[in-house]
Amino acid sequence: MEHQLTVVGIGPGSPDYILPEALRLIEAASFLVGGSRALKTYAKPHQQVYKVDADIGGLLNTVRRELRVRDVVVMVSGDPGYFSLLETFRHEFPLANLRVIPGISSFQLAFARIGTPWQQATLLSAHGRSPDRAQLEYGKGRVLSFLTDGKNHPARIAVWLTEQGWPANTRVWLCRNLSYEDETILPTTLEQARQVLGFDSCVMVVME
């Protein structure tokens, strides 16, 4: 394979939070891959595009075919290094032809919004998976942050943490639609978070 596969992190969503190098590569691409929202935001009329869906096999076959004749740029949300298609591509294509452009993760933006360092935080994804319960154990001074979804939403995670001994008054921030005009940051407590609705896909920060 002579052509290059570039995986580009587009950050939390808004074009205001994408790196200039990522934007340059996206705009220069002749074959652009991404989710429907990313393509709507960044694709140009002259570009050929492929929308990512649940058919990962179809995606890999398409990328493999296109790489025979041209470079391919794949957009992923957040940073490619955290639960993205990058892991799959690393096992399917030669690393010598793989380039990765980082992006601002939603974790970074969430902690920035609440004005808190995050070097001590345990970062967990509950998006399409359930974290190991050992990772949820209470400890004085612990900081957890979750990517949530419609099944493993903040209310459910709050129950998990309560079962692991976290105090009811533990501070919680629910960060929804980060970087967009309708961005919402809801400060609350672990006890109150058990009743919160409407924050299914968000970043949840929990701080003892």
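One can find the structure itself at the top, above this paragraph.
This is a predicted model, so every value here is computed, not measured. (Residues numbered from 1 in each chain as written. Predicted model: local features only at pLDDT ≥ 70, side-chain atom pairs only at ≥ 80, totals over all residues. Heavy atoms only, no water.)

Chemist: Tell me about the layout of surface pockets, residues and numbers included.
Modeler: Taken as a whole, the largest pocket spans an internal volume of roughly 1,100 Å³. In this structure, the largest pocket is lined by 36 residues; those nearest its centre are Arg-37, Ser-77, Gly-78, His-127 and Leu-147. Elements that contribute at least two residues to the lining of the largest pocket include exactly helix H2 (36-42), strand E4 (72-76), helix H5 (106-113), strand E8 (171-176) and strand E10 (202-207). Ranked by residues supplied to the lining of the largest pocket, first place goes to H2 with four residues. In the lining of the largest pocket, the residues fall into 16 nonpolar, 16 polar and four charged. (1 Å grid on protein atoms, 1.4 Å probe; cavity = no way out; pocket = protein on both sides within 12 Å on 5 of 7 lines; lining within 4 Å. Points joined across faces, edges and corners; volume = space filled by probe spheres on them. Helix = DSSP H or I, 4+ residues; strand = E, 2+ residues; numbered from the N terminus. Nonpolar A, V, L, I, M, F, W, Y, C, P; charged D, E, K, R; others polar.)

Chemist: Give a description of the packing of aromatic side chains that names residues and reports values.
Modeler: Evaluated as defined, the whole model comprises five aromatic pairs. Ring geometry for Phe-111 and Trp-118: centres 6.3 Å apart, planes at 20°, overall stacked. Counting every residue linked through ring pairs, the aromatic cluster contains Tyr-82, Phe-83 and Phe-107. A cation over an aromatic ring shows up here: Arg-176 above the ring of Phe-199, its NZ or CZ 4.0 Å from the ring centre. (Phe/Tyr/Trp six-rings, centres within 6.5 Å; stacked < 30°, edge-to-face > 60°. Lys NZ or Arg CZ within 6 Å of the ring centre and 35° of its normal.)

Chemist: Run through the sheet that holds E4, naming residues and quoting values.
Modeler: If you walk across this open sheet you meet the five strands as E3-E2-E4-E1-E5, and the pairing is parallel. Among the strands making up the open sheet, the edge pair consists of strand E3 (48-51) and strand E5 (98-101). Between one strand axis and the next, the sheet turns by 20° as a mean value, whatever way the strands run. The pairing of strand E2 (residues 31-34) with E3 spans four bridges and is classified as parallel. Among the inter-strand pairings, Phe-31 is bridged to a residue of E3, identified as Gln-48. Those strands touched by helix H3 (residues 56-67) are strand E1 (5-9), E2, E3 and E4, and its axis lies near 160° from that of E3. (Pairing = 2+ DSSP bridges. Axes fitted to C-alpha atoms, helices over the stretch in contact; angles between N-to-C directions. Contact = heavy atoms within 4.5 Å.)

Chemist: Could you give an account of the sheet that holds strand E6 (residues 122-125), naming the residues involved and the relevant values?
Modeler: Strand pairing in a sheet relies on backbone hydrogen bonds. The paired strands run either parallel or antiparallel. Ordered in space as E6-E7-E10-E8-E9, the five strands form an open sheet in which the pairing is mixed. Looking at the sheet topology across the chains shown, the edges are occupied by E6 and strand E9 (184-189). With strand direction ignored, the average angle separating the axes of adjacent strands in the sheet is 20°. Bridging between E8 and E9 involves six bridges; their strand directions are antiparallel. Bridge pairing links Arg-171 to Thr-189 in E9.

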